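Given next are the chains, with one letter for each unit.
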Amino acid sequence: MKWCSMSLMGCRGEMDASIETLRTMSKLADAECIVLKEFNVMDSKSMSSVPSSTQHKPHVPKMAWGESNGGRDTASTSAVPPSKDKFVCEVLIRRSQDEDCMWTDLRVAMLGNVDAGKSTLCGVLTHGELDNGAGKARLNLFRHLHEIQSGHTSSISREILGFDKQGRMFNYENHSIESILDCSSKIITFIDLAGSQKYLKTTVFGLTGHCPDYAALVVNSKQGLVGTFREHLGLTVALRVLSFVCITKIDGTAPATVRRCRHQIENILRGPAVRRPAYVVSSLSEAEDAALQIRERTPVFMVSAVTGDNLSLLHHFLSRLQPALSKEERSQALQAAPRFSVDGVLTVTGQGTIITGLTTKGTIREEDTMLLGPFEDKSYEEVKIASIQCNRLPRRLAKCGQSVSLDS
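Numbering of residues starts from 1 in every chain and runs along the sequence as written. The predicted nature of this model means local features are confined to residues of pLDDT at least 70 and side-chain atom pairs, given and counted, to a pLDDT of 80 or more, with totals for whole chains, interfaces and linings taken over all residues. With hydrogens and water set aside, each side-chain value is computed from the structure's full complement of heavy atoms.

Engineer: Teacher, can you tell me more about the side chain of T363 here?
Structural biologist: With respect to the helices and strands, the residue T363 is situated in strand β17 (residues 363-365). Two residues qualify as a contact provided that any one of their heavy atoms is within 4.5 Å of a heavy atom in the partner residue. Non-local contacts of T363, meaning those with residues more than four positions away in its chain, are made with L334, P338, D368, L397, A398 and K399. Helix and strand assignments follow DSSP, with helices taken as H or I runs no shorter than four residues and strands as E runs no shorter than two, numbered in order from the N terminus.

Structure, rendered in structure tokens:
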């Protein structure tokens, strides 16, 4: 198990002792214990929203204390609060990576109409450099000359963003891909898909073949819900892919136009086809809650890739996201017989055939023997896995949910 979230309840001293015990146990399991939030039971008001990078510090809020005496409420004149006041805190325990378990791998598909800013937003997130307003950030994702010339994505491209167990972000701004993978305990793989109707088949293949955990529905605040947005939303509903919304280009759009776009999104998500209420995320605590409640509600982020407005909220949200599958489903998938979905085949002179794709079930190890097929005559060929690479780094095994390349 990579992570777990739990709630603790007790008096101040009991709470501190329980947290210290959890931290000791976490160290023995090569994990990190992080206090996310802390509440006072009496007033149900949040005492603190503790960032993931800070340590827990005992704190008693200043408040008015009272007690019931024979049906009459009497205010306490003492400045010292009762010692039996109870608190509730939410704790996240996240395991560090190792060579076999590697990291938590999440895949996020970028969906939306043409000119919504999918590639630009993805480029800003993964490279840490703001856009110049003319599409400079998206050039890092384009794979073909005609994409650079037209500014429109026609293929499937992938970029990664890493987070360590304290929630610190690692991207291409100051790190190589090897450094990102070495420092991170969670890897977000962005799958940039085409928004044009002409390349809808490519988009469908990206959604079905890459099995994303989440989908980012990107909307241009100037245009609203136009083009292929409704089709992409329908695909996420049909494939049961959890989604969140990013409204882009708010820096150059009138506030009234942005509000109209937001209301359009809220109406369509509240409709009978989706039935998932949407709400705008405006603080770090809301971004943290959005990651935990994404199955019930759809978070909406209003961002700008030029000025960087609200990108920190999106970063915090991504750092808190967890795998879409439940622990039971992941456990069943890991124990199943290995299965690999092939999406690409390469022939390298002197090295043989290399296949790329997604490990959909079980665990694949070096020297394993598998059946490749079916071919046109419905036959299968026995192949031996010579080596495994994940994000260009050699690995001994590939677990369910990881995109890798296999040398056979």
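Engineer: I tried to follow the sheet that holds strand β21 (residues 393-395) on my own but got confused; where do I start?
Structural biologist: The pairing of strands in a sheet happens through backbone hydrogen bonds and is either parallel or antiparallel. Strand order in this open sheet of 5 strands is β15-β16-β23-β20-β21, and the pairing throughout is antiparallel. The open sheet terminates on both sides in strands that have one partner only, identified here as β15 (339-348) and β21. Averaged over all pairs of adjacent strands, the angle between their axes in this sheet comes to 35 degrees, without regard to strand direction. Here, any two strands with at least 2 DSSP bridges between them count as paired. Inter-axis angles, ranging from 0 to 180 degrees, are taken between N-to-C directions of lines fitted to C-alpha atoms, where helices are fitted over the stretch in contact.

Engineer: Just checking my understanding: could you explain unusual backbone geometry for this structure?
Structural biologist: A cis amide bond links G373 with the next residue in sequence, P374, at an omega value of 0 degrees. Mapped onto the fold, P374 is located in the loop between β18 (369-372) and β19 (381-384). The phi dihedral of C211 falls on the positive side, at around 45 degrees, and the residue is not glycine. Residue placement: C211 occurs in the loop between α5 (200-209) and β11 (214-220). Phi is positive for N310, close to 65 degrees, though the residue is something other than glycine.

Engineer: Got a minute to help me understand the packing of aromatic side chains in this structure?
Structural biologist: The geometry of two aromatic rings is summed up by the distance between their centres and the angle between their planes. Within 6.5 Å between ring centres, the rings of Phe, Tyr and Trp (the latter by its six-membered ring) count as paired, and their orientation is classed by plane angle as stacked under 30 degrees, edge-to-face over 60, tilted in between. Taken as a whole, this structure holds 3 aromatic pairs when the rule is applied. Ring geometry for F244 and F301: centres 6.3 Å apart, planes at 90 degrees, overall edge-to-face. Of this pair, F244 sits in strand β12 (residues 242-248) while F301 sits in strand β14 (residues 298-302), and the two are 57 residues apart along the sequence. Residue burial is assigned from relative accessible area. The probe radius is 1.4 Å, only protein chains are included, and a residue is buried under 20% of its type maximum, exposed over 50%, and partly exposed in between. The exposure class of F301 is buried, given its relative accessible area of 1%. Judged by centre distance (4.9 Å) and plane angle (50 degrees), the ring pair of F301 and F317 falls under tilted. Highlighted residues: F301 in strand β14 and F317 in helix α9 (residues 311-320), separated in sequence by 16 residues. When its relative accessible area of 0% is taken as the criterion, F317 is described as buried. Cluster of aromatic residues (ring-pair linked, three or more members): F244, F301 and F317.

Read these as geometric descriptors, not functional statements.
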